[in-house]
Amino acid sequence: MAKFILKRLLFLPFVMLGVTALLFAALQFLSPEMRASLYIKDPRQLSALESVIEKYGLRKPLPVQYGIWLKQVIKGDLGYSETAKMPVAEAVKAFFPATLELTVAAFFPILILGVYFGTLSAVYKDKWLDHVTRFVAITGYSLPSFVLGLLLLMIFYGKLQWFPPGRYSLDVDLLTHSEAFGHYTGLLTLDCILNGQWKALGDVLKHLVLPACTLTYISVALLLRITRSSMLEELGKDYIRTAKAKGLPGNVIVKKHALRNTLIPVVTLSSLLFINLLGGVVITETVFDYPGIGRWGVVAAQQLDIAGVLGSTLLAATLFVLANLVSDILYAVVDPRIRVG
């Protein structure tokens, strides 16, 4: 297993090099003056544009430019985001924890509900439970996230006043910007616990409920259907019939034999879902006014903030590569034959 992981880790730098080369190639469609604007923090610096071009070697041969740009990326210098009013690296640091919190809040319910009800749906095929889960899956998958989000906001915020949009209320905003509040992790839920601010923790969790529910309902449908079809395929195989003929209880056959073999497509889909959530769930964050990386990316794209778009793209690409590494390792854990292959 260690050898398998080491092989994947050794391959990782080459993948990242390919990703950065593609992003660099996309940047070449811009003129040196436009690329220099990535590093301009103040309009007064526009008069010194030539010195910025010279500093970052934006008129040098492409391989030299790529080397200089890659060095800047490794140092965390991705330019200055006009929309965030701060360097891109700081903007990522500011927005990403919110998206990570939302991702964690939505991903584990998606995983648990999708696998659990997908398995039950296959075991009780064509029974009432299968019909109910099919109805939930079809409605969830066909419903646009902005419609569901607005519907939930209308009921649970507009009518009942239970779950407001945003990331926190005004009181928590003042608390988190005070010197007494320690920002240990950037994750507000954890920081509230570490600061002993239980009322603030309740407020943050309350703001997470609606966007997390929206993402869970929209995304669980796909995982549920994949688990169901994969489980149905396994339950129809010879080794399952043999196990039944030997008199093994149904729950043992499902849990100890069939479920493990259904996990490979589930792992693939789960890793893609996780990356999709981490990369910034643009519509959900926008509907709920949630200050995550997705909403920042949209604003950056709308206002032609090239540095912001580049930063959010590079982050999404890096997360995708890392998630693929994790899913490769999980494949090997689920099915040892992959390690041998």
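Data block above holds the structure.
From a predicted model like this one, the values you see are computed outputs, not experimental measurements. (Residues numbered from 1 in each chain as written. Predicted model: local features only at pLDDT ≥ 70, side-chain atom pairs only at ≥ 80, totals over all residues. Heavy atoms only, no water.)

*Asks:* Help me understand the overall build of the protein, please; the structure alone is not making it clear to me.
*Replies:* Each helix and strand in the protein was counted, giving 16 helices and 2 strands. In terms of overall dimensions, the protein has C-alpha extents of about 80 × 55 × 40 Å along its principal axes. Sequence separation of 24 or more characterises 71% of the internal contacts of the protein that already satisfy a separation of 6 or more. Per element, the accessible surface of the protein, about 18600 Å² overall, is 69% carbon and sulfur. Across the protein, the mean location of the 32 positive side-chain charges is 11 Å away from that of the 23 negative side-chain charges. (Helix = DSSP H or I, 4+ residues; strand = E, 2+ residues; numbered from the N terminus. Contact = heavy atoms within 4.5 Å. Areas by Shrake-Rupley, 256 points an atom, 1.4 Å probe, with all protein chains shown as cover. Lys, Arg positive; Asp, Glu negative; His and termini not counted. Charge placed at Lys NZ, Arg CZ, Asp CG, Glu CD.)

*Asks:* How should helix H7 (residues 145-159) be read in this particular structure?
*Replies:* Since the α-helix packs 3.6 residues into each turn, any two residues three or four apart lie on the same face. When the terminal C-alpha atoms of H7 are compared, their 20 Å separation across 15 residues agrees well with the 21 Å that a helix rising 1.5 Å per residue should span. The axis of H7 is deflected most strongly, by about 25°, at Leu 153. Buried within H7 we find Ser 145, Leu 148, Gly 149, Leu 152 and Leu 153. Structurally, H7 contributes buried residues whose contacts are with helix H10 (198-235) and helix H13 (282-287). Of the residues one or two after H7, Gln 161 is the one with positive phi, at around 60°. (Expected span 1.5 Å × (residues − 1). Bend = angle between axes of the 7 residues up to and from the residue. Buried < 20%, exposed > 50% of the residue type's maximum accessible area, 1.4 Å probe, protein only.)

*Asks:* Sorry if this is basic, but what is going on with empty space enclosed by the protein here?
*Replies:* Over the atoms a probe the size of a water molecule is rolled, and this reveals where empty space is left. Under the counting rule described, the total for this entry stands at 1 cavity of 30 Å³ or more. Size it by volume and the largest cavity reaches roughly 100 Å³. Forming the boundary of the largest cavity are Phe 24, Leu 27, Gln 28, Arg 35, Leu 38, Tyr 39, Tyr 56, Gly 57, Leu 58, Gln 65, Ile 68 and Trp 69. When contributions to the lining of the largest cavity are tallied by element, the ones reaching two or more residues are helix H1 (2-27) and helix H4 (62-74). (1 Å grid on protein atoms, 1.4 Å probe; cavity = no way out; pocket = protein on both sides within 12 Å on 5 of 7 lines; lining within 4 Å. Points joined across faces, edges and corners; volume = space filled by probe spheres on them.)

*Asks:* Would you take a moment to explain the nonpolar core for this structure?
*Replies:* Within the largest apolar cluster, 34 residues are counted, with the highest numbers of intra-cluster contacts made by Trp 69, Val 92, Phe 96, Ile 293 and Trp 296. Where this core is concerned, the elements lending two or more residues are H1, helix H3 (49-55), H4, helix H5 (88-123), helix H12 (250-278), helix H14 (293-302) and helix H15 (306-334). Per-element accounting of this core gives the leading share, 6 residues, to H15. Residues in contact with Trp 69, not counting those within four places in the same chain, are Thr 20, Leu 23, Phe 24, Leu 27, Tyr 39 and Leu 310. Grouped together as the second largest cluster of nonpolar side chains are 16 residues, Leu 102, Leu 215, Leu 277 and Val 281 included. (Core = buried A, V, L, I, M, F, W, Y, C linked by side-chain atoms within 4.5 Å.)

*Asks:* Help me out: how do you make sense of the layout of surface pockets in this one?
*Replies:* Quantified by volume, the largest pocket comes out at close to 460 Å³. Residue lining of the largest pocket: 18 residues in total, with Ala 94, Arg 167, Tyr 168, His 183 and Gly 186 positioned closest to the centre. Residue assignment for the lining of the largest pocket shows that the elements contributing at least two residues are H5 and helix H9 (188-194). Split into classes, the residues belonging to the lining of the largest pocket amount to 7 nonpolar, 5 polar and 6 charged. (Nonpolar A, V, L, I, M, F, W, Y, C, P; charged D, E, K, R; others polar.)

*Asks:* Help me understand the packing of aromatic side chains in this model?
*Replies:* What describes a pair of aromatic rings is the distance from one ring centre to the other and the angle between the planes of the rings. For the structure shown, the criterion picks out 10 aromatic pairs. With a centroid separation of 5.5 Å and 25° between ring planes, the pair formed by Phe 95 and Trp 296 is classed as stacked. Of this pair, Phe 95 sits in helix H5 while Trp 296 sits in helix H14, and the two are 201 residues apart along the sequence. We classify Phe 95 as buried; its relative accessible area is 18%. Through a chain of ring-to-ring contacts, three or more aromatic side chains come together here, namely Phe 24, Tyr 66 and Trp 69. (Phe/Tyr/Trp six-rings, centres within 6.5 Å; stacked < 30°, edge-to-face > 60°.)

*Asks:* So what exactly am I meant to see when it comes to the packing of H5 against H12 here?
*Replies:* Pairs of packed helices are described in terms of their axes, by the angle between the two and the distance that separates them. Where H5 contacts H12, the two axes come as close as 10 Å, and the packing angle between them is 150°. One finds that H5 runs roughly antiparallel with respect to H12. Viewed along their axes, H5 and H12 form a crossing whose handedness is right-handed. Residues Phe 96, Thr 99, Leu 100, Thr 103, Phe 107, Ile 110, Leu 111, Val 115, Thr 119 and Val 123 of H5 pack against Val 254, Leu 259, Val 266, Ser 270, Leu 273, Phe 274, Leu 277 and Leu 278 of H12. (Axes fitted to C-alpha atoms, helices over the stretch in contact; angles between N-to-C directions. Parallel < 35°, antiparallel > 145°, perpendicular 65-115°, else oblique. Left-handed = near helix turned anticlockwise from the far one by under 90°.)

*Asks:* Sorry, what's going on with the side chain of Thr 119 here?
*Replies:* As for its placement among the helices and strands, Thr 119 is situated in helix H5. The class of Thr 119 is buried, set by a relative accessible area of 10%. If near-sequence neighbours (up to four positions away) are discounted, Thr 119 is found in contact with Thr 227, Met 231, Val 254 and Leu 259.

*Asks:* Can you walk me through the packing of H5 against H10 in this structure?
*Replies:* Running from N to C, H5 and H10 point in directions that differ by 35°, and their axes come no closer than 6 Å. Note on packing geometry: the crossing formed by H5 with H10 is right-handed. Looking at the contact of H5 with H10, its residues break down into 21 nonpolar, 7 polar and 2 charged.

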